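Understanding the architecture of this molecule
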Amino acid sequence: MHFTARAHTNIALLKYWGKADTAIITPTTTSISLTLDEFYTDTTVWFDESLTADKFILDNEIITGHALQKVSRFLNIVRQQAGIASYASVISTNHVPTAAGLASSASAFAALAGAASKAAGLDLTLTELSRLARQGSGSATRSIFGGFAQWTPGNDLTSVGSPLLADADWPIQLMTVVINDQQKEVGSRAGMQHAMTTSPFYDLWVKTANEQVNQMITAIHEHDLMTIGQIAEANALQMHATNMTAVPPFNYLTDKSWEVILMAQELRQKGIPVYATMDAGPNVKLISNPADTEVIKEALLAIVSDNQVINAHPGPGIQINAGDS
Ligand code: PMV
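Residues numbered from 1 in each chain as written. Predicted model: local features only at pLDDT ≥ 70, side-chain atom pairs only at ≥ 80, totals over all residues.

1. Focus on the overall build of the protein
Of the regular secondary structure elements, the protein holds eight helices and 14 strands. Relative to a compact globule of 325 residues, whose C-alpha radius of gyration would be 20 Å, the protein shows 19 Å and is just as compact. A burial count over the protein gives 47% of its 325 residues as buried. Across the protein, every contact between residues at least 6 apart in sequence was considered, and the portion connecting residues at least 24 apart equals 74%. (Helix = DSSP H or I, 4+ residues; strand = E, 2+ residues; numbered from the N terminus. Rg over C-alpha atoms; globule rule 2.2 N^0.38 Å. Buried ≥ 20, exposed ≤ 12 C-beta atoms within 10 Å, placed from the backbone. Contact = placed C-beta atoms within 7 Å.)

Here it is in structure tokens:
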């Protein structure tokens, strides 16, 4: 039987940056994210006894090599849990604005976990789905849930995601600023491992992140945009500081990224609450109030063009349906 899952991507306000256990993917710190409405992945899966290998089609292209292997390894976990042996067909579509460079392993593995587990005959709770998604990609752990979600350290059973405030129906938005600079990619997996094992700042990162968790949770419950933004921007800069102090150092942020980060700081001096957060790439996401969209856009247009700004709001948790999408 076919099952289709839709999972939205999420942006971490407190980052996951380092694994306590690399084999089962558990984090060194608690991360907290906002699931977004604009970016999502639809994935359809069915297991088929006549197949001689797993098949993976992404955005209408047949995928082979490393990306197929990652999907197959994940399907092996599902097959083991369900006690089945047959191979699967996986058809995925990423709903991300063209060339935005925002294709996300978070929505991809959350959607795959949802569709594959159902197609394999498993009926997992959201917590169990989160645990399964984690084994594909850490950030996917949080994409099972809508609104604000957290993912805590722990062991294979306890390190799961949970909702903090699923109905984030108050004025908060994330404006993604797509920076098109060409730069050498360091994947998040390699990047966090290198920062964790070589940066003298890494222990301080863990200590500071631990202190930020309760402050962030309180701010979210109080709908306190300024405190959420302040902590998120500090946390992101601290994460990037571990990269810049790794041995040898590496850096995801370009001159354009910094122009946008400094623009946010300047707007704050004029009384507009806008805060930057950056992941394993040059794009900058601006946390802000929808009421300030126009003034922020105007400032951004001095740095990037209109089609490089994508506005997103809190999005829903995973949806799984029988049949094709
Ligand atoms: O889930 P991964 O391996 O793609 O790592 C995600 C890392 C960050 O995006 C930088 C932070 C996060 O918590 O999402």
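Text resumes after the structure shown.
2. Quick notes on the sheet that holds strand β10 (residues 173–177)
Spatial strand order, β11-β12-β10-β13: four strands in an open sheet with antiparallel pairing. Every interior strand has two partners, whereas the edge strands, β11 (274–278) and β13 (309–312), have only one. Taking the axes of each pair of neighbouring strands and ignoring which way they run, one obtains an average angle of 25 degrees across the sheet. Where β11 and strand β12 (residues 284–288) come together, five bridges link them in antiparallel fashion. The residue of β12 that forms the bridge with T277 is K285. Packed onto the sheet, helix α8 (residues 293–300) meets β10, β11, β12 and β13 and runs at close to 160 degrees relative to β13. (Pairing = 2+ DSSP bridges. Axes fitted to C-alpha atoms, helices over the stretch in contact; angles between N-to-C directions.)

3. Examining the domain arrangement of the protein
Partitioning the protein into domains gives domain 1 (3–169) and domain 2 (173–312). For domain 1 versus domain 2, the distance between C-alpha centres works out to 24 Å. Of all the elements in the fold, those that place two or more residues in the side of domain 1 that touches domain 2 are β1 (3–14), β4 (31–48) and β9 (161–165). Of the residues that constitute the side of domain 1 that touches domain 2, the class distribution is 14 nonpolar, five polar and four charged. (Domains from an automatic or database assignment. Nonpolar A, V, L, I, M, F, W, Y, C, P; charged D, E, K, R; others polar.)

4. Concerning the site of the ligand
Around the ligand, the neighbouring residues are A12, K15, Y16, S31, S105, S137, G138, S139, S188, R189, D279 and A280. Here the residues of the shell around the ligand are counted per class, giving three nonpolar, six polar and three charged. When we break the shell around the ligand down by domain, the ones giving at least three residues each are domain 1 (3–169) and domain 2 (173–312). (Near = placed C-beta within 6 Å.)

5. Remarks on unusual backbone geometry
Cis geometry marks the peptide bond from V247 to P248; its omega dihedral reads -10 degrees. On the secondary structure map, P248 appears in the loop between α6 (225–244) and α7 (255–269). Of note in the backbone geometry, D59 takes a positive phi value of approximately 45 degrees without being a glycine. Within the secondary structure, D59 is located in the loop between β5 (55–58) and β6 (61–62). One non-glycine residue with positive phi stands out, namely H223, at about 55 degrees. Among the structural elements, H223 can be located in the loop between α5 (202–221) and α6.

6. A word on the nonpolar core
A110, L112, A116 and L286 are the most contacted members of the largest nonpolar core, which totals 87 residues. Per element, the largest residue contribution to this core is ten residues, and it comes from helix α2 (residues 105–119). Two domains share this core, each providing at least three of its residues, namely domain 1 (3–169) and domain 2 (173–312). (Core = buried A, V, L, I, M, F, W, Y, C linked by C-beta atoms within 7 Å.)

7. As for the environment of I57
Of note, I57 is situated in strand β5. It is 19 Å that separates the C-alpha atoms of I57 and T9, two residues lying 48 residues apart in sequence. Among residues more than four places away in sequence, those in contact with I57 are I62, I63 and I91.

8. A few points about the packing of α2 against helix α3 (residues 126–134)
Helices that pack against each other are described as a pair by the angle of their axes relative to one another and the distance between those axes. For the pair α2 and α3, the least separation of the axes is 9 Å and the interaxial angle reads 120 degrees. Relative to α3, α2 is oriented oblique. The crossing of α2 and α3 is right-handed. Of α3, the residues touching α2 (which contributes F109, A110, A113, G114 and S117) are L129, L132 and A133. Within the contact of α2 with α3, the residues separate by chemical class into six nonpolar, two polar and no charged. (Parallel < 35°, antiparallel > 145°, perpendicular 65-115°, else oblique. Left-handed = near helix turned anticlockwise from the far one by under 90°.)

9. As for the pairing of β12
Burial runs high along β12: five of the five residues are buried. Neither face of β12 is open: one carries V284, L286 and S288, the other K285 and I287, and all of them are buried. Sheet analysis places β10 next to β12, joined by five bridges and oriented antiparallel. Bridge assignment links Q173 to a residue of β12, and that residue is S288.

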